[in-house]
Amino acid sequence: ATPQILSGLPTGLVVEYFLTNNDALLQQNPLPNNYTNVTAVEQIIYARIVNSPDCFGITPIKLKITDFSPSNFQDETVYICNGNPKRIAVANGFSSYQWSNGDLTNYTSISTAGNYTITVTNSLGCQATKKFIAVNSGTATITSVDVIDFSGSENSILINYTGIGDYEFSIDGVHYQNSPQFYNVAEGSYLIYIRDINGCGFPTPTKVFVLDYPRFFTPNGDSFNDFWTIKNSAKYPNMTIYVFNRYGKLLTQVNPRGSGWDGTYNGQPIPADDYWFSIIINNDRIIKGHFALLR
């Protein structure tokens, strides 16, 4: 307050502060220069401006508490995606700005993780500081997908990936979960998605197939379950499918790209019974099981 009081006055004046006007007149109980108000919000103290023992003036000084709490000035976490520069900012309208990296505008650009602060000053000289916590994140890379199939309710998909972000996983692009493991997966084709929950995008979806076999079929000409086949088997050009009776006699080799087995042998319908199959994929994977023919 002293520079404001002495502004425009002759040099050599001394300013002292007192709690009451009477203390200022009697020049008793002076206040320290670093004084904290004792009356909330607003308080009047008194300045004695001294030129000589017999030449002085007294003026009231108003101490007013101004609340300066800008909105959205709580600590904020931001994410730097794949090392690309990130713009962080606060609102316009303050008198001055000072970033911890030296910038003097309401925004700055960052590209490395760490803590960044900005101090703003309003027209009254009050200051407020906001901290930005910058964290690295990025798009994931799908390295492989492990599929367990031909297992009914135990079919599963495990997504293997690398990346520095926090990710969610989906096999339909709609429903996401925190785990890369999916259980009880029905047969069919799936698109594998990984998205960064911090908004750093996702890689191109990967297509996989979960195979399974029908546990029964009913070749009665009603257009429902009339053929026994492996869905999506045409996606595996090296797949071979054999069907046997309970005595191990080969009844047919099912064409993976055809409609399937119609329940006949040498053109004649065979009786309802359990039948066995052997599937060979890429000459190195063999799946065996059995199913029921119902009439």
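Residues numbered from 1 in each chain as written. Predicted model: local features only at pLDDT ≥ 70, side-chain atom pairs only at ≥ 80, totals over all residues. Heavy atoms only, no water.

Trainee: Looking at this structure, how should I read the overall build of the chain?
Mentor: Per the secondary structure count, the chain includes two helices and 22 strands. Its C-alpha atoms give the chain a radius of gyration of 40 Å, clearly above 19 Å, the size a compact globule of 295 residues would have. Counting only C-alpha atoms, the chain reaches 135 × 35 × 25 Å along its principal axes. Among the 295 residues that make up the chain, the fraction classed as buried is 34%. Within the chain, contacts between residues separated by at least 24 positions form 47% of all contacts whose residues are at least 6 apart in sequence. Taken as a whole, the chain presents about 17,300 Å² of accessible surface, with 49% of it coming from carbon and sulfur. For the chain, the distance from the average site of its 18 positive side-chain charges to the average site of its 23 negative ones is 7 Å. (Helix = DSSP H or I, 4+ residues; strand = E, 2+ residues; numbered from the N terminus. Rg over C-alpha atoms; globule rule 2.2 N^0.38 Å. Buried < 20%, exposed > 50% of the residue type's maximum accessible area, 1.4 Å probe, protein only. Contact = heavy atoms within 4.5 Å. Areas by Shrake-Rupley, 256 points an atom, 1.4 Å probe, with all protein chains shown as cover. Lys, Arg positive; Asp, Glu negative; His and termini not counted. Charge placed at Lys NZ, Arg CZ, Asp CG, Glu CD.)

Trainee: Would you mind showing me how to read the state of the cysteines here?
Mentor: By definition, a disulfide is the covalent link that joins the sulfur atoms of two cysteine residues. The full count for this structure, using the stated rule, is one disulfide. Across the disulfide, Cys-81 is cross-linked to Cys-200 (sulfur-sulfur distance 2.0 Å). For the disulfide bridge between Cys-81 and Cys-200, the dihedral angle about the S-S bond is near -75°, and by the sign convention the bridge is left-handed. Note that Cys-81 is positioned in strand S4 (residues 76-81) and Cys-200 in the loop between strand S14 (188-196) and strand S15 (206-210), a separation of 119 residues in sequence. (Disulfide = S-S within 2.5 Å.)

Trainee: Please explain unusual backbone geometry as it appears in this structure.
Mentor: The residue Val-41 is not glycine, and still its phi comes out positive at about 70°. Residue position: Val-41 is located in the loop between helix H2 (21-26) and strand S2 (42-52). The backbone of Phe-150 sits at a positive phi, close to 55°, despite the residue not being glycine. If you trace the backbone, Phe-150 turns up in the loop between strand S10 (141-148) and strand S11 (156-162). Here Phe-150 falls in the buried class, since its relative accessible area comes to 9%.

Trainee: What is the right way to read the sheet that holds S4 from this model?
Mentor: For sheets, the rule is that strands pair by backbone hydrogen bonds, running either parallel or antiparallel. Across the sheet, which stays open at both edges, the four strands sit in the order S4-S9-S8-S6 with mixed pairing between neighbours. Bordering the open sheet on either side are S4 and strand S6 (96-99), each of which pairs with just one other strand. Each adjacent strand pair in this sheet contributes to an overall mean axis angle of 25°, direction not counted. Bridge count between strand S8 (residues 114-121) and strand S9 (residues 127-137): eight bridges; the pairing is antiparallel. When the sheet's bridge partners are listed, Thr-119 is paired in S9 with Thr-129. (Pairing = 2+ DSSP bridges. Axes fitted to C-alpha atoms, helices over the stretch in contact; angles between N-to-C directions.)

Trainee: Got a minute to help me understand the packing of aromatic side chains in this structure?
Mentor: Geometry of an aromatic ring pair is reported as the spacing of the ring centres plus the angle between the planes. If you walk through the whole model with that rule in mind, you get 17 aromatic pairs. Note on Tyr-161 and Phe-169: the rings are 5.1 Å apart at their centroids and 55° apart in plane angle, and the pair reads as tilted. Between Trp-261 and Phe-291 the ring centres are 6.2 Å apart and the planes differ by 80°, which places this aromatic pair in the edge-to-face class. Residue Trp-261 is located in the loop between strand S18 (250-254) and strand S19 (264-265), and its partner Phe-291 is located in strand S22 (residues 285-293); the two are separated by 30 residues in the primary sequence. (Phe/Tyr/Trp six-rings, centres within 6.5 Å; stacked < 30°, edge-to-face > 60°.)

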